[in-house]
Structures are given as C-alpha cells and as structure tokens.
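# Inside the fold
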Protein chains: 2
Amino acid sequence: MSDPMDYASSGVDIDLEGAAVASLIGSLQRSTRKPGTPGAPVDLPGGFGGLIEFGNHLLALATDGVGSKLQIATEVKDWSSVGIDCMAMNVNDLLCVGAEPIAFVDYIAVPKPDPEVHAAVGASLAKACELANVTLAGGETASLPGIVTELDLSGTALGFLDKDSAITGERLQAGDVLIGLPSSGIHSNGFSLVRSIIGRVGLGYTDQCPFDAHFDGRSLPEQPVLSDILLIPTKIYCEPIVKLLQHLKSTQGSVHALHGIAHITGGGLSNLLRLHGHLGWHIDTPMPIPPEFTWLQQAGNVTDLEMHRTFNMGLGMVLAVEREQADAILEFIKTYESNAAIIGAVHDNGHKVTHQNPDVFFEHY
Amino acid sequence: MSDPMDYASSGVDIDLEGAAVASLIGSLQRSTRKPGTPGAPVDLPGGFGGLIEFGNHLLALATDGVGSKLQIATEVKDWSSVGIDCMAMNVNDLLCVGAEPIAFVDYIAVPKPDPEVHAAVGASLAKACELANVTLAGGETASLPGIVTELDLSGTALGFLDKDSAITGERLQAGDVLIGLPSSGIHSNGFSLVRSIIGRVGLGYTDQCPFDAHFDGRSLPEQPVLSDILLIPTKIYCEPIVKLLQHLKSTQGSVHALHGIAHITGGGLSNLLRLHGHLGWHIDTPMPIPPEFTWLQQAGNVTDLEMHRTFNMGLGMVLAVEREQADAILEFIKTYESNAAIIGAVHDNGHKVTHQNPDVFFEHY
C-alpha cells in the first residue's frame, strides 16, 4: 500500500500560509472612513470581512482566484470552465453574507498575450456572468513574462444587501436545521492534492477516466477523459440563494429565518466552525459523494478526515435555518436546486463539527 | 551611438495585446441585468467601462495590477511602495469618471508564502488605504508555485458618484483649459522599457543613481541608489480630485465645469484621444520632466515620441475644464497639489495630440 497522502504532502504548507496571512492582517490599520459614511467598514461577529456601509444598503466585495485548477486547464488547453470557476469562488462567498452579486471584474495575468486563451477565457467569463446574473464591469489583462509562466486568473465580485439583512451567524442556535446544496464536483479547491495524486498514479489528464464518472444525471462526453471530470465548473449558487433571500423578504419581511450560510471551499467542513464561536455542527445525512472523490481517496490512500478538510465531498453550500421553517425553505430551494436536502443540525455540545462518519471530526479550521 | 530603444523592442507587443483584448471583448455578451436595476451597466460615450447603476448613484469598479515594476521591488526586496502603486493604478482610474473611491481589495499571488513579503506588502497597502481614504474590504493571498515565479500584486477599487455626475468627456469643447497634476516619477507604467534600458547599460538596481535625482523638493536618501528612484510610489490623486468634486457640487450644484479627466498611464499622452471622438489636444506648457526620464532617454537613445507614449513625463493626471472657471479651479486644486498648472487647451483642429515639442504628436492610442 502506498504512503497516505494529505494536503501538506502535496506542497501546501497551511501553517506557513496562516503566518503569512496573519502578518498581512497585522499590518493593516483601521479604515479612515468614518461610521455613517459610504465605505465605512462593517464589523460582523463572525469575522467576515468585505462589508461596507452605503446609505441604507451594505456593499460587499469578494476577491479570489481559480488557483492550481488553472494548471490542468492550461495543460489540456481547455479554458471553457475557468471563468465560471473564478466567478463561482467570488459570488458564492458574497451569498454567504446575504448579498446579491451584481457586478464582476476579472484580472488575467499571462506570460504573453495569446488570442486563443483570451477568447476562451472571455467566453467562459461571459457564460459565468449569465449564470450569476452579474454585469462584467471591467477587467485587466497583464503580460508579465518575468512573473507568471502560464495563465493566472482571479476576479472580484460586488454585491449588495439591505442594511439590516446581513447574515452573520449571530442568530444561529441549537436545533437549527442544515440544508445542503450539492456541489458539481471538485469545484476549485484541493487541486494541489488532486495533481499530486494523479502524478503519483502516473495518469495524464487526457487519459481515459479510470472510474465510472456518471453521477446524479450529470452530462458527460461518451468517453470522458480525466480532465473532463476534473474541470467540471464550480457551481454558481446565485439563483437558488438570491431567490430565497427575495422570497423570505417578500413573504416574511426579513431574511432572519436564514441563520448562517457557508460556502464549502478549502478547509472543507471545518469552515462551518467560523460561523459561530461555540455552537457545534453535526452532519447525520451527508450528500452523496461524487465518484471522483472516491477514486482520488483510493488512488492517494487519503484518510476520510483529510478528504473532508480538503474537498467539498459533494456538499457545495450549507444553509443553517430556523427549525420551524426548514421544510418550507427546503421546498422552496428545491425549485432551483432539486437535490438540496437536510443534512444535519446545529447543537450546543461544543464548538466542533461531527459527522455520520466518526472519523470526520473538526475542532479547528 | 547605440540602437534606439522603444517599447516594442523591450518585449511588449502592443498589437498582439490589442488583438488579445479584442478577442476577449468580442466574446463578452451584454449584461443580464436590466436597466433601472442595481448592477445594470451604464454606457458612457467615451467607451469607459466599469460603471453600473445603483439607485440614485452609480458605482464604479476598476481593476489593475502593478506589472513589471514588481520585478524591481522583488529583486531589491523592497516592497514598501508596491501597495501604493497598486492602489494608485486603480483609484486614479476611478477618479477619471468622477467617482469617489471608497473600498479596495487586493490579490497577491506568490510561489510560496513568505511572511516578510506579506508583512511588507500589507504595510504598503495599509499606507495606501490611508492615502486614498478607502477601506480595505478584503484580499486574497494565493500560493501558486506552478504559475508564478515571484510576487504578483493586483487589486480592485470601488467608488461611487451621483447618477448625474459622471464625467464622460461629452461636455468637452474647443477652448477647454487643460490643468496638469504632476506625477511623482515613473509611476507604474513603462517598466519593461525601464528594465531593458538598465539591463543594456549594465547597471544594477542597487547601484548608485547615475544622475542627480533631486527634483521639485522630493525627499531622497543621501546617496540614492537606482531602485530608490525607480520605486518611488505612484501618486494617489484622491485628495485633490475628490475635494474638487465636492467643492464644485457644493458651490455650483454640479461637477459640470469638469469636462474630462485622464490618468496618464501606458500610452502616455495618447490616452487623451480616448476622451473624445474628434476634438484635439495641444500641450503648450508641459510639466517639468523629472530627471529619471531624461536619463532613461539618453541611456536608451529613445525618441521624444516614444518617451511620451510610454511614460507620463512628469504629468500624472489631466483635467479638462471650462475656460471661464479654469483659474478658480486651478487655485482650488493648488491647495492640495501646489504644482498643478495650466498645460494646454482643447481645440477643434482634428483628433490629435500636439505638443510644444513638434516631435510629440499622436493621432492614435
């Protein structure tokens, strides 16, 4: 049996990243913009950043890139999904504070301009704008031969919400029901590990997919190659969540029944711990796991714990909702996301994430 | 005499960049956000992007990176200015449409996390937020060992303006007076040429500065090295321009006396041509030229024309204002930018930029 693999062995030093981010935050001062003026920062209990005042509204910004998933796209010269990934990583984060995304800008860095790459990325961004219902409000293409060796793609999304409608996690309470929205696949996190595993087993991205990739009715090429599965675009959750926010406002006058929303990205389920300081989370009915995760786990001999803190394992977004309204909210969400399901509950037995699988357990993120 | 150098010989293929950008724009579709709703795109006559509707306001986004100036900062391990450069490139663009910048997010890509780099960039961004009077509303640090070989830094700025206050160039007319705001030095454009020239003359960035760098009372180390001059941070023009916008609104009820604003970046003076479809621009009294430009021109044997379409040549921003109000506006601006000066005028003799120096002439950007 081969050595077990984990995220650190794939070359990502999470502690070093933490220290770097801490030193960055440490050197940032408070804003010069005074409370009550446009642009003044809004402190949220959960430590979320990105919200600023704007009259009777709050504006939210999110910025993120596609990361090392891009390397697979570049290797197989298929950039049709990366614009969608870039959009998803940003707008899904905005949704978590209850913001409706409205605009996006992209930043493309390449060693030298290549009309083929730009056309493909542009088409992908255009599709992404449609899926997220946002305006592409600008972009920058930088040629940086001394800095990048291949395409880097990042972006920034802008959203807005009513001043009293921020979803902060402060209304969370024991008994809240967790509704899960399925992911489309690996999304855009964990690709250092994906690439290490595939390198170790000696497969190429254009080799035939070594497992049955059919899952949940997704459409696949007749003979899918590995990259077809690895590059499935990250799901954009704007439609179900924006519709739900609007529905709650129009029928209940507020979005208060929604106590917390988490986008499952790097860190997997451990991200849930950010939403509240002492409540805990139990997943008793996990979402079905797409076959690529099962195959990666076997191929890399990865533990269940490591899988769940590196990948989404089929769960793209989690909504924590008031128990009394859970069925109605699930029913509503299913109009847009038919495989949404109740996956667990919030409890008051300690600040931890537990799971149907006892090996999956988090006390830190 | 050595061969004359120009921007293309330094490795930047402007035509290829143009084709790449065109293919990107070509594949972008119209927004799904309908006129009258938050996020709907606003078409400006000058072809500026980035403005969207938001109730009685417009919101503006700008995204840009620092580019190859970063390579000098990384080589000499001095990142104290790059956050300011990144901020300036974005907020100065927002000011051109009459927007007040209020928030900023940064994107940092590194081959691996390095607390020294992150702390220095963080401190520089914090200083930049203060100078621009914006809130740092988030950021992303990506470790991308397969994509970047050294630090890349970009960012996105958000600004706002009243719905009827966009400065679009449509009020421009012959006779408008051009007010110039001085640059602080090379700012963040033309660094491919800067690096080529310095490479060719065989100097290192930590070699003593080969010219007298004193200019206009700027503070310098006692024995400046080349990088001290090359890395002078880009000037942030928020204070003079935001104060001017506020002053015009409060005293005249509108900003209509300001007919056009241009940030002089890559393309130099040729950028002015973007502001109007057929009016022309004559610079009869250029700003004083900082000594680094004179030295670079001699060292690289660069033509006057090439210098003026690659560098700002001492001119950071241009305001085109109503003739009758030019003196009063200049007087006001001088409170914040004492070396602002009248540099020329708008005319109706063809869509071109002309200059006191007859070799500096642009009909295309």
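You'll find the structure just up there.
Scope of this entry: the structure provided in the associated data block.

## Comments concerning helix α5 (residues 191–201) of chain B
Among all positions in α5(B), only Phe191(B), Ser192(B), Leu193(B), Val194(B), Ile197(B) and Ile198(B) are buried. Downstream of α5(B) by a residue or two, Gly202(B) has a phi angle that is positive, lying close to 80°.

## Comments concerning the packing of aromatic side chains
Counted by the stated rule, this structure contains nine aromatic pairs over all chains. Their ring planes at 55° and their centres at 5.5 Å tell us that Phe293(A) and Phe311(A) sit as a pair that is tilted. Of the two residues, Phe293(A) sits in helix α8 (residues 291–300) while Phe311(A) sits in the loop between α9 (304–310) and β9 (315–321), which places them 18 residues apart along the sequence. Residue Phe311(A) is classed as buried on the basis of its relative accessible area, which comes to 1%. A network of ring pairs unites the aromatic residues Phe54(A), Phe160(A), Phe54(B) and Phe160(B) as a single cluster.

## Re the packing of helix α3 (residues 82–95) of chain B against helix α4 (residues 115–132) of chain B
All names here are of chain B. Look at α3 against α4: their axes get within 7 Å of each other, and the N-to-C directions meet at 40°. Relative to α4, α3 is oriented oblique. Seen from above, α3 lies across α4 with right-handed handedness. Within the contact between the two elements, α3 uses Val82, Gly83, Ile84, Met87 and Val91 and α4 uses Val121, Ser124, Leu125, Lys127, Ala128, Cys129, Leu131 and Ala132. Classifying every residue of the contact of α3 with α4 by side-chain character gives ten nonpolar, two polar and one charged.

## With respect to helix α2 (residues 69–76) of chain A
Residue and element names in this part refer to chain A. In terms of residue burial, α2 counts as a mostly covered element, since seven of its eight residues are buried. Every buried residue of α2 is accounted for by Lys69, Leu70, Gln71, Ile72, Ala73, Thr74 and Val76. The first or second residue beyond α2 is Lys77, which carries a positive phi of 55°.

## Examining the nonpolar core
Core analysis: the biggest nonpolar cluster contains 184 residues, and Leu319(A) and Leu319(B) have the highest contact counts within it. Among residues more than four places away in sequence, those in contact with Leu319(A) are Val177(A), Leu178(A), Ile179(A), Leu181(A), Ile241(A), Leu244(A), Leu258(A), Gly260(A), Ile261(A) and Ile333(A).

## A look at the side chain of Gln325(A)
All names here are of chain A. Here Gln325 lies in the loop between β9 and α10 (326–334). Only 2.5 Å separates the side chain of Gln325 from the side chain of Gln252, close enough to count as a polar contact. If sequence neighbours within four positions are ignored, Gln325 has contacts with Leu248, Gln252 and Ala257.

## Focus on the interface of chain A and chain B
The interface is formed by 71 residues belonging to chain A together with 72 residues belonging to chain B. With both chains or domains summed, chain A and chain B bury close to 5600 Å², and 67% of this area falls on carbon and sulfur atoms. Linking chain A to chain B there are two salt bridges. Across the pair Arg33(A) and Glu100(B) runs a salt bridge whose closest N-O atoms are separated by 2.8 Å. The interface formed by chain A and chain B holds 21 residue pairs in polar contact (both at pLDDT 80 or more) in total. For the side of chain A that touches chain B, the elements supplying multiple residues, two or more each, are α1 (14–26), β1 (51–54), β2 (57–65), α2, β3 (100–110), α4 (115–132), β4 (135–143) and β5 (152–162) of chain A.

Conventions used here
- Residues numbered from 1 in each chain as written.
- Chains lettered and ligands numbered in written order.
- Predicted model: local features only at pLDDT ≥ 70, side-chain atom pairs only at ≥ 80, totals over all residues.
- Heavy atoms only, no water.
- Buried < 20%, exposed > 50% of the residue type's maximum accessible area, 1.4 Å probe, protein only.
- Helix = DSSP H or I, 4+ residues; strand = E, 2+ residues; numbered from the N terminus.
- Phe/Tyr/Trp six-rings, centres within 6.5 Å; stacked < 30°, edge-to-face > 60°.
- Axes fitted to C-alpha atoms, helices over the stretch in contact; angles between N-to-C directions.
- Parallel < 35°, antiparallel > 145°, perpendicular 65-115°, else oblique.
- Left-handed = near helix turned anticlockwise from the far one by under 90°.
- Contact = heavy atoms within 4.5 Å.
- Nonpolar A, V, L, I, M, F, W, Y, C, P; charged D, E, K, R; others polar.
- Core = buried A, V, L, I, M, F, W, Y, C linked by side-chain atoms within 4.5 Å.
- Polar contact = N/O pair within 3.5 Å; in protein donor to acceptor, adjacent residues only side chain to side chain.
- Buried area = accessible area lost by both parts, 1.4 Å probe.
- Salt bridge = Lys/Arg side-chain N within 4 Å of Asp/Glu carboxyl O.

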